[in-house]
Amino acid sequence: MSLLSCGYTLASGWEKLVFPKYQPCIQLSANIVRKVALQIIRRGQAFSFYARFQNREWDDSVDQAIFTVETDDPVYMDNQAHREEYVLNEHGILYEGVHKHITSRPWHFGQFEDGILDICLKILDMGASYHHGSDRDHCWRNDPVHVSMVVNHMIPENNDYLKGTKPFSWNGSVPILQQWYNGRCRPVRYGYCGSLASVMCTVMRCLGIPSRVVTNFCFPCSVENPLGINEIFDCTGKNLCGKDKLWRYHCWNESWMARRDLNQCCGDWQCLDPTPLETGRGSTCSGPTWVRSIREGELDLDYDGHHMFSRVNSNYVGWLSQNNAKKIKFFCDAWPCGQHLITKSVGSEQFEDITGAYKYELGSVKNKEAYYRAYRRIHPGYCNASNCHIERELSSLKNPFLSDSGINMRLKMANCPMYGEDVQLHWLLENLRSENKNLKFNLCAQIITYSGCPMDQFWKDSVNVTLGPREGKKVNLSNTLLSTVLFRRLGFFRISGDFLIVVGSEINTMLNLLSQPRLKVPCTAEISFCNPLQEDMKNCVMTLEGCGLFKEPMTIE
């Protein structure tokens, strides 16, 4: 599908009438007239027009009309299954959680719902000011790059974190877009990265641009150093809130188009992030950025290339704050970010791992070459530096492994706890030396939001452990408080630097139809469910939504 402002189609070109030059003294003109003005013509859809001539009648013996259509469609996908998934499919899946435990929930894009096209056109009208206030002839609408930039900068206007609907209660784009449109284009309160990316996906698919939502696990949000995240801890292990954040996950949008500004002859995925993120130059959205340029480290090739590259290639440094206001580095992970990027598979409810589209295999020659190339562009002082020079700089950030001190340890979750269940953790310790080890450990657990903001430290302990030569020991860590009281708030917690997640138990619901369903006839249904927790549930709210079943979501307290 292509968006029309006037003429035939912005994605496929204009119709032309060609006349032989056998009578140079006679001037002919033809006006192409539509039965329906400014209509949308979808690929494969029949349409009619007629031509009105001046000066004389049409002469079949000498006149000839040739109808031509350009097929150079910048958003065309030649795979039918991909077109059905990325343009026509109204149902999607958002992936959340952590990379070791991925959760999912459905999302209704609803790009073909009544009124959505008008809303999307209104977004383009409102975004005309993005082009310096000039919307003359809507000429920029024939370029998917500029359309995507307008949509990308308009979607965040629907985001306000002061008050309103809880961000994780949205299940589809249609109520958000309708509320924005019916509320005279006032911000909808409020959303998060998943809802922003999904609403943008709806708008882009409605305009005929193939799009999908991507989730990146372990996402850096750095204010100062583009390629580094710094977190500060006290002696108990508590995360002290700083400027940098390490998000558990982050969602953005990918759209398929051929970039004329990059001389691309065929379409490819372009990255667009409608979530405003803080940078050294303020809050900004990103894109469109060619995904392949991110993998190759060609950051000067595209819009916001350095931002997108750092989001999948940043290193992580942990600092220990001391009483004298100084801090010492105690941990560094050179490659923690962007190790798992996924999206919904074509024609399937499973996810597809697309990490390889954003970065080469970790530690490979191509991976290092791309990083060196990007490093020179992000840090101007290294623009002429050799690879060895950059590698030495990176090596200086690394810390000795724990095994170098003769100790190996790790945390292992013994069960996958549901809400209301105890958390069973195994703390595995091993002495790698042929001598006794008397050790003291400070342990703590702290709530971390999905966007990396540290909250309450609700458990801490100091443990003395003695390990004999080459001895291994398993210590059971269990704390009912973790799951029964606090995990229902956010679901993430942190122990000894590891991030874990508690799974929300699904409430089993049963739907019983009390009458025979018939098309366009109201039907009554009974919904029953059971409390899965070992405690009373109070102040519960149930929201009912259904594509084609409800005009708007129903909320029952």
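Remember, predicted model here, so these are calculated numbers, not experimental data.

**Focus on the pattern of salt bridges**
Any two side chains of opposite charge can pair, given that their charged atoms come close.
Point 1. Considering all chains together, one arrives at 9 salt bridges under this definition.
Point 2. One salt bridge connects E254 with R212, and the closest N-O pair in it is separated by 2.8 Å. Taken together, the residues E254 in strand β8 (residues 245–257) and R212 in strand β5 (residues 211–221) connect sequence positions 42 residues apart. As far as burial versus exposure is concerned, E254 and R212 are alike and both buried.
Point 3. When the shortest N-O distance is used, the salt bridge between R311 and D273 registers 2.8 Å. Residue R311 is found in helix α7 (residues 305–313), and its partner D273 is found in strand β9 (residues 268–279); the two are separated by 38 residues along the sequence. No difference in accessibility class separates R311 from D273, as the two residues are buried.
Point 4. Members of the salt-bridge network, linked through shared partners, are E298, R373 and R377.

**With respect to the UniProt feature "active site" (unreviewed entry) in the protein chain**
Point 1. In this structure's numbering, the residues bearing the UniProt feature "active site" (unreviewed entry) are C193, H250 and D273. For the annotated residues, spread through 81 residues, the largest C-alpha to C-alpha distance comes to 9.6 Å, consistent with a single compact locus.
Point 2. Note on placement: H250 falls in strand β8.
Point 3. Among all residues touching H250, those that are not within four sequence positions of it are C193, V214, T215, N216, F219, D273, T275 and L277.
Point 4. Residue classification places D273 among the buried positions, given a relative accessible area of 0%.
Point 5. Excluding anything up to four places from it in sequence, D273 contacts N152, H250, C251, W252, C285, S286 and R311.
Point 6. Within polar-contact distance, the side chain of D273 engages the side chain of H250 at 2.8 Å.

**A few points about the packing of aromatic side chains**
Point 1. Tallied over the entire structure, the rule returns 11 aromatic pairs.
Point 2. Centre to centre, the rings of Y95 and F351 are 5.7 Å apart; their planes meet at 80 degrees, and the pair counts as edge-to-face. Taken as a pair, Y95 in strand β3 (residues 91–98) and F351 in strand β14 (residues 351–353) lie far apart in primary sequence, 256 residues in all.
Point 3. The class of F351 is partly exposed, set by a relative accessible area of 35%.
Point 4. Look at F309 and Y371: their rings are 6.1 Å apart centre to centre, the planes differ by 45 degrees, and that puts the pair in the tilted class. Of this pair, F309 sits in helix α7 while Y371 is found in helix α9 (residues 365–378), placing the two residues 62 residues apart along the sequence.

**Looking at the nonpolar core**
Point 1. If you look at the biggest cluster of nonpolar residues, it comprises 76 residues, and the most contacted ones within it are V151, V203, W252, F309 and Y358.
Point 2. For this core, the element with the most residues is helix α5 (residues 193–206), which contributes 9 residues.
Point 3. Membership of the second largest hydrophobic core comes to 18 residues, among which are L411, L429, A445 and I447.

**Side note on the sheet that holds strand β12 (residues 327–333)**
Point 1. Spatial strand order, β7-β6-β11-β12: 4 strands in an open sheet with mixed pairing. The sheet is open, and its two edges are formed by β7 (239–240) and β12, each paired on a single side.
Point 2. Sheet topology places strand β11 (residues 315–321) next to β12; 6 bridges connect them, and they run antiparallel. Note that in β12 the partner of G318 across the bridge is F331.

**Focus: the packing of helix α2 (residues 116–126) against helix α3 (residues 144–154)**
Point 1. Remark: α2 packs on α3, axes separated minimally by 9 Å, with the N-to-C direction vectors making an angle of 90 degrees. When the axis of α2 is compared with that of α3, the two are roughly perpendicular. Of the residues in α3, those touching α2 at I123, L124 and M126 are V147, V150, V151 and M154.
Point 2. In the contact of α2 with α3, the residues fall into 7 nonpolar, no polar and no charged.

Definitions and cut-offs
- Residues numbered from 1 in each chain as written.
- Predicted model: local features only at pLDDT ≥ 70, side-chain atom pairs only at ≥ 80, totals over all residues.
- Heavy atoms only, no water.
- Salt bridge = Lys/Arg side-chain N within 4 Å of Asp/Glu carboxyl O.
- Helix = DSSP H or I, 4+ residues; strand = E, 2+ residues; numbered from the N terminus.
- Buried < 20%, exposed > 50% of the residue type's maximum accessible area, 1.4 Å probe, protein only.
- UniProt positions renumbered as here; feature names shortened; annotations may be inferred.
- Contact = heavy atoms within 4.5 Å.
- Polar contact = N/O pair within 3.5 Å; in protein donor to acceptor, adjacent residues only side chain to side chain.
- Phe/Tyr/Trp six-rings, centres within 6.5 Å; stacked < 30°, edge-to-face > 60°.
- Core = buried A, V, L, I, M, F, W, Y, C linked by side-chain atoms within 4.5 Å.
- Pairing = 2+ DSSP bridges.
- Axes fitted to C-alpha atoms, helices over the stretch in contact; angles between N-to-C directions.
- Parallel < 35°, antiparallel > 145°, perpendicular 65-115°, else oblique.
- Nonpolar A, V, L, I, M, F, W, Y, C, P; charged D, E, K, R; others polar.

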